[in-house]
Amino acid sequence: MANIALLLLLMLGVGCSSIYDRDRGVVATNTPSLREVYTDYFHLGVAVSIASWSAQTFDAHQHLVEKHFSSLTAENEMKPDAMQPRSGQFSFGVADRMVNFAAKNSLKVRGHTLVWHNQTPDWFFKDSAGRLIHEKTEISGEDRQLVKERLESHIEAVMTHYAGKVYAWDVVNEAISDGGGVHRPNSPWYRIFGDEFMEIAFRKAHEVDPNAKLFYNDYNIETGLKRDKTVTELKRLLDAGVPIHGVGIQGHWGVTYPNIREIEQAVVEYAALGLEIHITEMDVEIQGSSEERQAERYREFFRLFKKHSDVITSVTLWGTTDDSSWKRNEKPLLFDKNQQPKPAYWAIVDTEKTWRQNRAEYAD
Ligand code: XIL
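Since we're looking at a predicted model, the values are computed, not measured.

Criteria and thresholds
Residues numbered from 1 in each chain as written. Predicted model: local features only at pLDDT ≥ 70, side-chain atom pairs only at ≥ 80, totals over all residues. Heavy atoms only, no water. Buried < 20%, exposed > 50% of the residue type's maximum accessible area, 1.4 Å probe, protein only. Helix = DSSP H or I, 4+ residues; strand = E, 2+ residues; numbered from the N terminus. Right-handed = clockwise from strand over helix to strand, strands pointing away. Pairing = 2+ DSSP bridges. Near = heavy atom within 4 Å. Polar contact = N/O pair within 3.5 Å; in protein donor to acceptor, adjacent residues only side chain to side chain. Areas by Shrake-Rupley, 256 points an atom, 1.4 Å probe, with all protein chains shown as cover. 1 Å grid on protein atoms, 1.4 Å probe; cavity = no way out; pocket = protein on both sides within 12 Å on 5 of 7 lines; lining within 4 Å. Sits in = over half its atoms within 2 Å of the grid points. Nonpolar A, V, L, I, M, F, W, Y, C, P; charged D, E, K, R; others polar. Axes fitted to C-alpha atoms, helices over the stretch in contact; angles between N-to-C directions. Parallel < 35°, antiparallel > 145°, perpendicular 65-115°, else oblique. Left-handed = near helix turned anticlockwise from the far one by under 90°. Contact = heavy atoms within 4.5 Å.

**Q** Please clarify how the pairing of strand β8 (residues 246-249) should be interpreted in this entry.
**A** It is a general feature of regular strands that their side chains alternate between the two faces of the sheet. Burial along β8 is two-sided: Gly-246 and Gly-248 and Val-247 and Ile-249, pointing in opposite directions, are all buried. Read as a crossover between parallel neighbours, the route from strand β7 (residues 213-218) over helix α10 (residues 224-239) to β8 is right-handed. As paired strands, β8 and strand β10 (residues 276-285) are joined by four bridges and run parallel to one another. Along β10, the bridge assignment pairs Val-247 with Ile-277.

In structure tokens form, the structure reads like this:
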């Protein structure tokens with residue numbers, strides 16, 4: 001019994017800076033704060049969740065968040081279905097807990113997200129007879145006006161509530177098409193407004209909170225045709241005077257993709273438009289390879305971010321521990337299910353060294 005208690009203490013690393021793990025040998029528990037490591041480069045953020053149907057990381061992982069991160073994103077709690085589940089009924093309580101925690105621990109808050117085709121209740125798009133407007137063959141001016149008022153009043157209420165507390169907003173999320181056209185063709189927003197909805201959203205957001213940094217956020221916009229389309233579309237909007245301050249590259253990546261040079265090219269192209277760059281939802285799928293290879297990828301990515309830290313001002317991990325990730329089967333994050341640092345964590349402690357060297361340095 002006493003032996004088991006001792007073993008448990010050792011496993012928890014109480015009072016010592018390293019523990020012995022049967023599979024991994026000596027494992028450091030003296031873990032440097034990533035927030036401090038990156039303080040001169042960019043804000044290091046993390047997404048947390050309270051929503052009842054997703055992993056409850058906000059309460060369970062608070063010490064990891066406090067120690068390692070300087071920015072917070074609600075994984076689901078600021079999306080339209082969470083903020084305004086029914087027309088005119090706002091529900092700020094859950095997200096407010098996160099925002100208050102952030103204020104207490106000097107974390108910035110990134111707001112995610114105001115206008116999206118997912119996690120947005122149908123009522124936004126229904127006419128007075130209860131019909132979905134984007135499914136009609138003919139959309140009238142009156143229909144458009146109704147949805148425009150809802151879009152604007154949603155932005156107004158949410159951004160007013162969080163003014164001074166949320167410093168940056170993903171105003172529009174995932175509007176560019178993965179296929180041939182420029183815009184995601186089956187988004188209700190696009191079907192109702194055509195390419196005008198981005199402009200409506202950003203102009204309203206800027207009017208409501210002129211101090212907030214306004215971002216366009218999307219995935220796979222660092223490579224290929226989707227990058228070209230995004231650059232062209234953002235340029236068109238900026239030329240028309242639409243207030244867009246930054247681009248959010250989500251960063252849902254893997255061990256084999258994308259190519260680092262492609263990401264660098266994207267950084268250069270977006271920066272040339274005068275935009276700030278945030279990496280907003282980073283995770284790296286292990287794709288059946290090893291934690292070591294995944295760590296090497298994290299190192300490469302963070303080397304690139306540091307090289308361009310004049311324009312990359314925030315990097316957010318999309319979750320805390322592997323088991324709570326939306327891609328839990330891919331083990332894509334920095335900490336394992338016991339909240340212990342993985343090789344990926346050690347890899348970014350100092351990107352000039354290998355993860356093993358970094359871990360050894362802290363294993364006393
Ligand atoms: C995901 C969350 O992580 C999940 O918990 C939820 O079930 C679905 O949404 N792009 C985005 C994020 O902009 O909001 C998504 O988050 C992941 C893809």
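And the narrative resumes.
**Q** I'm lost on the site of the ligand in this one. Help?
**A** Taken together, 14 residues are adjacent to the ligand, and Glu-75, Lys-79, His-112, Glu-281 and Trp-318 come closest. One of the side-chain nitrogen or oxygen atoms of Asn-76 is found 3.1 Å away from an oxygen atom of the ligand. Relative to its unbound accessible surface of 420 Å², the ligand loses 84% to contact with the protein. Assessed atom by atom at 2 Å from the grid points, the ligand resides in the second largest pocket. In the shell around the ligand, the residues fall into four nonpolar, six polar and four charged.

**Q** How do you make sense of the packing of helix α11 (residues 260-272) against helix α12 (residues 291-307) when you look at a structure like this?
**A** A packed helix pair is summarised by two numbers, namely the angle formed by the two axes and the spacing between the axes. Relative orientation of the contacting elements α11 and α12 amounts to 25°, with a least axis distance of 11 Å. Classified by the angle between their axes, α11 and α12 sit roughly parallel to one another. Of the two possible hands of crossing, α11 and α12 adopt the one that is right-handed. Packed against α11, whose contacting residues are Ile-260, Ile-263 and Glu-264, the element α12 presents Arg-297, Glu-300, Phe-301, Leu-304 and Lys-307 at the interface. When grouped by side-chain class, the residues that make up the contact of α11 with α12 number four nonpolar, no polar and four charged.

Spatial relationships are all this shows, so hold off on functional conclusions.
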